Amino acid sequence: MSVSRRSLLTGAMAVGVAQLLTGCQTASEQHLVVKFLRDAVPPPMLGEFRRFLGQRVSLDFSPEPQLADLFEALVRWQHQAEDDTENDSGWLPWGRSPQIPHLSLLGHSWLPRAIEAELLQPLNPQAWENWDNLPQDPIAWQDLARQGDRLWGAPYRWGTTVIVYRKDKFARLGWTPQDWSDLWREELRGRVALLDSPREVIGLTLKKLGYSYNHESPQDVPELFEELQALQRQLLFYSSTAFQQPLLRGDIWVAQAYSRDILAIPQYGQQLAGVVPESGTALWADYWVRPAGATVQEFGDLWIDFCWKPRIAQQLSLLGFATSPQVLGTAEADLPESLRNNRLLLPQGDRLQRSEFIELDLGEASLSQYRQIWEQLRSEGSRQ
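Just so it is clear, the model here is predicted, and its values are computed rather than measured.

**Q** Can you help me understand the overall build of the protein chain in this one?
**A** If you tally the helices and strands in the protein chain, you get 14 helices and 13 strands. The buried share of the protein chain, taken over its 384 residues, is 51%. Accessible surface for the protein chain amounts to roughly 18,100 Å². Of this, 47% is attributable to carbon and sulfur atoms.

Take a look at the structure:
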């Protein structure tokens, strides 16, 4: 809307609008708008939050299908806020656009980009009663979300990259996968699917060889490319999204996948089983963030803190296909049996200690090596 058109509109609204302003401002103050990833907020958990708040606020929680969509929305909201600031005549009390949510969910891999692009506002941990109770090890939440003395994200849930497999097929083989190295076994030739991700595929191969997912010089690992070629010969396909039906049909017997996707499959625990590899794996996490153009609102802080209440954190972990960070600080004996026994949600032994977040800021020289290795590998695969 141009300034002149906006002026005409505000002029037409002037008669009698003063009688409505107080009511609109109150409604805005009592309204919490949150964007999240589809299936990330279980309905029972949101219902409990409504009861917790009583009649003090109306809730507008709406999902997006992909984490990339939430990042793109942050960019749009930043532009929206800038446009509103430039075009607003300054007298309307609601100021910022109502389309900008008070909070949004964001994956950890998008967090550095959002901070660098100034798409976020810093958060205030002093507003959260349960912040100090979050365990810092073995997952360094604050290291990912903090720059200097500013905190840009509040950890909500986390998970892993796992191996998922058909129980019946491996019962016939007489063994079950336990580590990445099992994907190279001859009996799985043509029965494997891997994520369509260079960092995940090269990373699991580095783990097999005893290196970090984030090795800074993968081209200096002499056996790496040969191992990747051998692994690629095991594959039926690469895909980050289309492995579920081939797995259920039996076209593939085993796949690399994200724990949240596996736990959401209805047949998990019946036809399918999963394992966090012994040598460690990649971690992922989702954070609550405040968009740059959002109004700072107490109910947003109440929602973040509510998610860390012990009982709510357990509910999230059981119903939301991922684990609350709060659960890591709870003794296993105090957790529900269904949570204790789910080793995709709570990896056993040192498997979690050996795992790591995929770092995106390795430097251009290192990232270029990963790209070159991946391009050469896929090029060879297309000729086979």
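What follows continues from the structure just given.
**Q** Explain the packing of aromatic side chains to me, please; I cannot follow it from the model alone.
**A** If you walk through the whole model with that rule in mind, you get 16 aromatic pairs. Aromatic side chains Trp128 and Trp308 sit 5.3 Å apart centroid to centroid with 85° between the ring planes, which places their arrangement in the edge-to-face category. In this pair, Trp128 is assigned in the loop between β4 (120-121) and α5 (141-145) and Trp308 in the loop between α11 (298-307) and α12 (310-319), connecting sequence segments 180 residues apart. For the pair Trp128 and Trp308, one class covers both residues: buried. Following the ring pairs from residue to residue traces out a cluster consisting of Phe36, Phe49, Phe52, Phe61, Tyr156, Trp288, Trp303 and Phe306. Its guanidinium or amino end placed over the ring of Trp110, Arg113 lies 4.4 Å from that ring's centre, counting from NZ or CZ. In this structure, Arg260 packs its charged tip against the face of Trp284, placed 4.3 Å from the ring centre.

**Q** Which parts of the structure should I look at to understand the side chain of Thr160?
**A** Here Thr160 is to be found in strand β7 (residues 154-166). Look at Thr160 and you get buried, because its relative accessible area is 0%. The contacts of Thr160, once residues within four sequence positions are left out, are Ala257, Tyr258, Ser259, Val276, Thr281, Ala282, Leu283, Trp284 and Leu344.

**Q** I would appreciate a short explanation of the packing of helix α2 (residues 43-53) against α11 in the present structure.
**A** Their axes nearest at 11 Å, the elements α2 and α11 cross at an angle of 125°. Here α11 runs oblique to α2, going by the angle between their axes. The element α2 and its partner α11 pack so that their crossing is right-handed. Contact residues: Met45, Glu48, Phe49, Phe52 and Leu53 in α2; Phe299, Leu302, Trp303, Phe306 and Cys307 in α11. Class assignment for the residues of the contact of α2 with α11 results in nine nonpolar, no polar and one charged.

**Q** Could you clarify how one ought to interpret the pairing of strand β12 (residues 282-291) in this entry?
**A** Among the ten residues that make up β12, ten are buried, leaving the element largely enclosed by the rest of the structure. Side chains Ala282, Trp284, Asp286, Trp288 and Arg290 project from β12 onto one buried face, and the interleaved Leu283, Ala285, Tyr287, Val289 and Pro291 project onto a second face that is buried too. Note: β4 against β12, two bridges, orientation antiparallel. Bridge pairing in β12 places Gln121 opposite Arg290.

**Q** Just to check I follow, could you spell out the pattern of salt bridges for this structure?
**A** A side chain with one charge can pair with a side chain of the opposite charge if their charged atoms come near. Summed over the entire model, instances satisfying the criterion amount to 16 salt bridges. Close ionic contact of Asp251 with Arg249 constitutes a salt bridge, the shortest N to O distance being 2.8 Å. Exposure remark for Arg249: the relative accessible area of 55% places this residue in the exposed category. Note that Arg351 and Glu278 form a salt bridge whose closest N and O atoms lie 3.4 Å from each other. Here Arg351, found in the loop between α13 (337-340) and β13 (356-357), pairs with Glu278, found in the loop between β11 (272-275) and β12; they are 73 residues apart in sequence, far enough to count as distant. When salt bridges with common partners are traced through the structure, they connect Asp182, Arg185 and Glu187 into a single cluster.

**Q** Would you take a moment to explain the environment of Gln315 for this structure?
**A** Examined against the element boundaries, Gln315 turns out to sit in helix α12. What makes Gln315 buried here is its relative accessible area of 16%. For the pair Gln315 and Leu339, spaced 24 residues apart in the sequence, the C-alpha separation amounts to 9.6 Å. Contact partners of Gln315, with chain neighbours within four places excluded, come to Pro44, Met45, Glu48 and Gly320.

**Q** When you look at the confidence of the model for the protein chain in this model, what are you seeing that I'm missing?
**A** Predicted coordinates in areas of low pLDDT are best not read in detail. Here the protein chain shows a mean pLDDT of 88. Residues at 70 or above account for 88%. The model gives residues 1-28 a pLDDT under 50, and that stretch makes 16 contacts with residues more than four places away or in other chains. Of the regions scoring below 50 in pLDDT, residues 89-96 engages in 14 contacts with residues more than four places distant in sequence or in other chains.

**Q** I would appreciate a short explanation of the packing of helix α7 (residues 198-208) against helix α8 (residues 224-232) in the present structure.
**A** What describes two packed helices is the angle between their axes and the distance between those same axes. The interhelical angle for the contact between α7 and α8, taken along N-to-C directions, is 115°, at an axis separation of 10 Å. Classified by the interaxial angle, the pair formed by α7 and α8 is roughly perpendicular. Once α7 is placed against α8, the crossing between them reads as right-handed. For the pair formed by α7 and α8, the contact residues are Val201, Ile202, Leu204, Thr205, Leu206 and Lys208 on the first element and Leu224, Glu227, Leu228 and Leu231 on the second. When grouped by side-chain class, the residues that make up the contact of α7 with α8 number seven nonpolar, one polar and two charged.

**Q** Help me understand the nonpolar core in this model?
**A** Looking at soluble globular proteins, one finds that nonpolar side chains tend to be buried together. Membership of the largest hydrophobic core comes to 58 residues, with the highest contact counts inside it found for Leu32, Tyr156, Trp288 and Trp303. A total of seven residues in this core trace back to one element, the largest contributor, which is helix α3 (residues 67-87). Non-local contacts of Trp303, meaning those with residues more than four positions away in its chain, are made with Leu32, Val41, Met45, Phe49, Phe61, Leu103 and Trp288. Counting residues in hydrophobic clusters, the runner-up holds 34 residues, among them Val192, Leu204, Leu362 and Leu367.

**Q** It is not clear to me how the environment of Gln99 should be interpreted in this structure. Could you clarify?
**A** Within the secondary structure, Gln99 is located in the loop between α3 and β3 (103-107). For the pair formed by Gln99 and Val33, sequence separation is 66 residues and the distance between their alpha carbons is 8.4 Å.

**Q** I tried to follow unusual backbone geometry on my own but got confused; where do I start?
**A** Excluding glycine, residues mostly have negative phi values, and the peptide bonds linking residues are mostly trans. Located in the positive-phi region is Asp39, a residue other than glycine, with phi close to 75°. By secondary structure assignment, the location of Asp39 is in the loop between β1 (31-37) and α2. Residue class for Asp39 comes out partly exposed when judged on its relative accessible area of 48%. Its identity is not glycine, yet Phe321 carries a phi of approximately 60°, on the positive side. As for its position among the elements, Phe321 is in the loop between α12 and α13.

What counts and what doesn't
Residues numbered from 1 in each chain as written. Predicted model: local features only at pLDDT ≥ 70, side-chain atom pairs only at ≥ 80, totals over all residues. Heavy atoms only, no water. Helix = DSSP H or I, 4+ residues; strand = E, 2+ residues; numbered from the N terminus. Buried < 20%, exposed > 50% of the residue type's maximum accessible area, 1.4 Å probe, protein only. Areas by Shrake-Rupley, 256 points an atom, 1.4 Å probe, with all protein chains shown as cover. Phe/Tyr/Trp six-rings, centres within 6.5 Å; stacked < 30°, edge-to-face > 60°. Lys NZ or Arg CZ within 6 Å of the ring centre and 35° of its normal. Contact = heavy atoms within 4.5 Å. Axes fitted to C-alpha atoms, helices over the stretch in contact; angles between N-to-C directions. Parallel < 35°, antiparallel > 145°, perpendicular 65-115°, else oblique. Left-handed = near helix turned anticlockwise from the far one by under 90°. Nonpolar A, V, L, I, M, F, W, Y, C, P; charged D, E, K, R; others polar. Pairing = 2+ DSSP bridges. Salt bridge = Lys/Arg side-chain N within 4 Å of Asp/Glu carboxyl O. pLDDT = per-residue confidence, 0-100. Core = buried A, V, L, I, M, F, W, Y, C linked by side-chain atoms within 4.5 Å.

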